Amino acid sequence: MTSHAEHIREIEKAGLGLAIDRDSTVIKSWLRCLEQYHLDPTRACEAFIVPAERLREHRQQSEDLIRIARSGLEHLFNQVAGQNYVLLLSDREGVAVEFLGDPSFDNHLRKAGLYLGAEWSEARAGTCAVGACIETGEALTIHQTDHFDNTHTPLSCTAAPIYDTQGELCAVVDISLLSSPILKTSQNLARHLVSATVRRIELANLMAQTRHEWVLRFARSPEFLDVDPEAAISLDGSGRVLGMTHGGAAILARACGADWRNPQALIGQPISQFLDMDVDDLANLTRRRPTRDRMIFARDGNALFAHAIEPQMQAHVRRKSLLISPVQDLGGPKVRGRELGGADPDIAALQLKMAKLARTRLPILIQGETGTGKEYLAHAVHEASGLKGQFVAINCAAIPEQLIESELFGYVPGAFTGAALKGRKGLIEQADGGTLFLDEIGDMPLTLQSRLLRVLAEQEVMPVGGVEPRKVNIRVVSASHRSLPSLVEQGRFREDLFYRLNTAVLRLPPLRDRADFDWVVARILARHSDHAVAPVISPAAMMALRAHPWPGNIRELENVLAVAVALSEGGTIELGDLPDDFCDNAVRQDENQGQTLHATLKACNWNVSEAARQLGVDRSTVHRQIKRYQLKSSSL
Ligand SMILES: Nc1ncnc2c1ncn2[C@@H]1O[C@H](COP(=O)(O)OP(=O)(O)OP(=O)(O)O)[C@@H](O)[C@H]1O
């Protein structure tokens with residue numbers, strides 16, 4: 001183990017240009033910290049978390065990216081599940097705008113800066129994976145004492161950059177360990193996984209942005225071309241490059257001896273400058289031809305397999321073969337306002353209860369697993385309430401503890417160092433005459449719970465540093481995915497506040513229990529579509545969607561569909577456009593179906609009519625399935 005003093009000495013040695021045993025990426029970063037950012041290795045600084053307001057701005061700016069990246073990030077998180085990795089998506093300034101980690105380590109992670117809002121630029125945090133990745137534009141691992149600042153030396157962090165379609169670095173995916181195996185090489189697999197995730201995110205992003213142009217995907221081996229391409233570019237009707245993934249930029253740059261760091265040299269150029277083909281050859285590279293016949297050569301002589309995807313507009317003609325059409329009305333409660341669901345009796349009852357409660361001023365508590373639509377329902381309450389004021393949402397779990405108070409209650413001029421000169425209205429006052437939505441109320445610190453209780457009882461707020469309370473007229477809707485009664489039992493939630501909030505409860509069912517699953521899918525697809533005609537789902541893909549357990553509920557479904565829409569061709573989402581584990585589920589379900597049919601036929605002595613009756617399908621279906629699963633009575 002290197003001591004703090006040894007660590008400082010090593011950095012100083014590097015600063016003097018003396019040889020040290022570190023990767024050149026690390027040495028270069030240390031030199032930037034010393035010479036460019038004038039950081040002092042003897043000063044250890046805690047991780048910096050940006051104020052809530054700035055975090056909100058950063059998240060808003062990255063909203064589209066977060067939506068597209070989320071399914072990939074969750075997939076990556078599942079791949080490393082159980083190994084204590086924390087996953088961060090940072091924007092180009094190094095601010096973590098998305099976070100996936102084990103909530104039981106929350107406090108440690110927050111302290112270590114492995115948290116939402118942490119700023120990991122080199123100028124702020126010294127050598128770190130996100131910062132060095134932004135500076136170099138390449139995937140890398142910053143392991144333990146590679147970090148410049150001694151505070152971060154327990155961490156091992158691996159990061160890879162996400163490039164936008166114009167070749168500019170726009171975000172970084174990072175996976176980090178609070179404490180890690182000693183060897184840096186232990187993180188090689190992590191680097192591979194992060195890079196693969198980034199490649200897929202960039203591909204989904206390119207597909208999402210490219211609907212009316214050609215897309216050309218590449219792989220070095222034909223087997224992976226259709227299932228997991230390495231790179232892609234988009235082309236206009238005359239064959240000029242419009243956009244690219246980073247892999248695409250690398251192929252183009254290598255082909256013409258240019259530098260991928262200069263994307264302007266690639267965008268707008270004709271494809272024939274990079275590949276031995278022109279725009280007329282695109283039609284010969286579609287799926288209509290076998291993959292092995294789609295080999296092309298780059299100008300530098302490298303061979304690649306290519307897959308051209310036609311502009312999507314032409315594909316809408318195929319819409320007839322749809323399994324479900326999102327514009328179809330699938331029934332459901334006909335209550336005015338935001339529709340909560342389709343034909344599901346529980347949702348219908350919930351919609352009715354919501355409409356009745358909305359007209360009162362009672363505080364409402366919404367309970368439901370993560371992503372079930374608690375905020376969506378809170379909005380519905382606000383809309384149905386007819387209140388003229390604003391709907392103001394605050395996520396009690398996402399705002400650093402020390403900021404919640406001033407965010408909620410506001411402050412008077414000069415309340416603390418760094419406060420705005422005129423003071424500031426808190427969110428409670430901003431919601432005056434409207435609805436204050438307190439998301440993740442279970443995460444509100446105890447001290448603030450008592451102050452909130454007072455607001456509810458007295459309908460007045462006391463700004464930080466103030467002496468005069470201010471009258472407010474707010475409707476409070478709160479939500480939690482945790483069980484508030486057990487938080488009360490553990491002493492983490494005030495009992496009196498719980499009773500005040502718990503009077504009117506709206507409970508959202510998890511997606512896996514909803515009878516109107518198809519309605520939800522259709523609704524989301526209709527929203528995702530930027531065409532007059534929304535994309536549709538093939539029978540196999542729909543079966544796989546129905547079979548998935550949806551731990552992330554509607555949000556997870558939204559993310560999966562966003563990526564699937566982006567990857568789909570010809571307006572139809574196929575099984576292959578869904579994440580890998582969905583395909584496995586579908587295969588398993590298919591096997592089960594085959595086994596059930598086999599068992600039923602056996603029990604009915606291979607009487608097809610009887611088996612059809614027992615299974616509730618018609619005879620032709622049984623005959624078709626016998627063929628499909630190649631079942632034979634002699635196989636009994
Ligand atoms: N009934 C619905 N119809 C269509 N979309 C919905 C519906 N309910 C929720 N959604 C969508 O699902 C996503 C997740 O919903 P929301 O943010 O309200 O969930 P949540 O339960 O508040 O999540 P969390 O627990 O993570 O805060 C949102 O994009 C929302 O628009």
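Residues numbered from 1 in each chain as written. Predicted model: local features only at pLDDT ≥ 70, side-chain atom pairs only at ≥ 80, totals over all residues.

Visitor: An account of the overall build of the chain is requested, with residue identities and associated values reported.
Guide: The number of helices and strands found in the chain is 23 helices and 21 strands. Across the 636 residues of the chain, 41% fall into the buried class. In the chain, 66% of the contacts between residues at least 6 apart in sequence involve partners at least 24 apart. (Helix = DSSP H or I, 4+ residues; strand = E, 2+ residues; numbered from the N terminus. Buried ≥ 20, exposed ≤ 12 C-beta atoms within 10 Å, placed from the backbone. Contact = placed C-beta atoms within 7 Å.)

Visitor: Pulling in residues and values, what's your account of the sheet that holds strand 15 (residues 435-439)?
Guide: With parallel pairing, the 5 strands of this open sheet are ordered in space as 12-15-18-11-19. In this open sheet, the two edge strands, each paired with only one partner strand, are strand 12 (391-395) and strand 19 (504-507). Strand-to-strand, the axes of this sheet are offset by a mean angle of 20°, without reference to chain direction. Where strand 11 (residues 364-367) meets strand 18 (residues 475-480), 4 bridges bridge the pair, whose relative direction is parallel. (Pairing = 2+ DSSP bridges. Axes fitted to C-alpha atoms, helices over the stretch in contact; angles between N-to-C directions.)

Visitor: Explain the packing of helix 4 (residues 63-79) against helix 8 (residues 188-209) to me, and be specific about the residues and the numbers.
Guide: Contact geometry of helix 4 with helix 8 gives a least axis separation of 9 Å together with a crossing angle of 160°. Taken together, the axes of helix 4 and helix 8 are roughly antiparallel relative to one another. Read as a crossing pair, helix 4 and helix 8 show a hand that is right-handed. Packed against helix 4, whose contacting residues are Ile68, Ala69, Gly72, Leu73, Leu76 and Gln79, the element helix 8 presents Leu193, Val194, Thr197, Arg200, Ile201, Ala204, Asn205 and Ala208 at the interface. For the contact of helix 4 with helix 8, the class distribution of residues is 9 nonpolar, 4 polar and 1 charged. (Parallel < 35°, antiparallel > 145°, perpendicular 65-115°, else oblique. Left-handed = near helix turned anticlockwise from the far one by under 90°. Nonpolar A, V, L, I, M, F, W, Y, C, P; charged D, E, K, R; others polar.)

Visitor: Describe the pairing of strand 15, listing the residues and the values that go with them.
Guide: Counting buried residues in strand 15 gives 5 out of 5 residues, a clear majority hidden from the surface. Burial of the side chains of strand 15 extends over both faces: Thr435, Phe437 and Asp439 are buried on one face and Leu436 and Leu438 on the other.

Visitor: Quick rundown of the sheet that holds strand 6 (residues 214-219)? Include the residues and the values.
Guide: Read across the sheet, 5 strands follow the order 8-7-6-10-9 without closing on themselves; strand pairing throughout is antiparallel. Across the chains shown, the open sheet's two edge strands, defined by having one partner strand only, are strand 8 (241-244) and strand 9 (295-297). Each strand of the sheet is rotated relative to its neighbour by a mean of 35°, with strand direction disregarded. Pairing geometry for strand 9 and strand 10 (residues 303-309), over 3 bridges, is antiparallel. Considered in strand 10, the bridge of Ile296 is made with Leu304. Contacts between helix 10 (residues 246-256) and the sheet are confined to strand 6, strand 7 (231-235) and strand 8, with strand 7 contributing the most and set at about 80° to the helix.

Visitor: Now, about the site of the ligand: what can you tell me, with residues and values included?
Guide: In the region of the ligand, 18 residues are neighbours, and Gly373, Lys374, Glu375, Tyr376 and Ile554 sit closest. Elements represented by at least two residues in the shell around the ligand include exactly helix 12 (374-385), helix 18 (517-528) and helix 20 (553-567). (Near = placed C-beta within 6 Å.)

Visitor: So, the packing of helix 11 (residues 345-358) against helix 12: which residues are in play, and what are the values?
Guide: Direction vectors running N to C along helix 11 and helix 12 enclose 50°, while the axes themselves pass 8 Å from each other. Our classification of the angle between helix 11 and helix 12 gives oblique. Every pair of crossing elements has a handedness; the one defined by helix 11 and helix 12 is right-handed. Every residue of helix 12 that contacts helix 11 at Met354, Ala355 and Ala358 is listed here: Leu377, Ala380, Val381, Ala384 and Ser385. Looking at side-chain class alone, the contact of helix 11 with helix 12 contains 7 nonpolar, 1 polar and no charged residues.

Visitor: Hey, could you go over the environment of Val536 for me, with residue numbers and the actual values?
Guide: Position of Val536 relative to the elements: it lies in strand 20 (residues 536-537). Once the C-alpha coordinates of Val536 and Ser568 are considered, the two residues, 32 residues apart in sequence, prove to be 9.6 Å apart.

Visitor: Got a sec to walk through helix 20? Specific residues and values, please.
Guide: Helix length check: helix 20 (15 residues) gives 21 Å between terminal C-alpha atoms against 21 Å at 1.5 Å per residue, within 8%. The buried fraction of helix 20 is high, at 12 of 15 residues. Turning to helix 20, its buried residues are Asn553, Ile554, Leu557, Glu558, Asn559, Val560, Leu561, Ala562, Val563, Ala564, Val565 and Ala566. (Expected span 1.5 Å × (residues − 1).)

Visitor: Help me get a handle on the confidence of the model for the chain, residues and values and all.
Guide: Scored by pLDDT, the chain has a mean of 84; 90% of the residues are at 70 or more. pLDDT under 50 marks residues 313-336. Its contacts with residues more than four places away, or in other chains, come to 52 contacts. For this predicted complex, the interface confidence score (ipTM) comes to 0.97, while the overall pTM stands at 0.53. (pLDDT = per-residue confidence, 0-100.)

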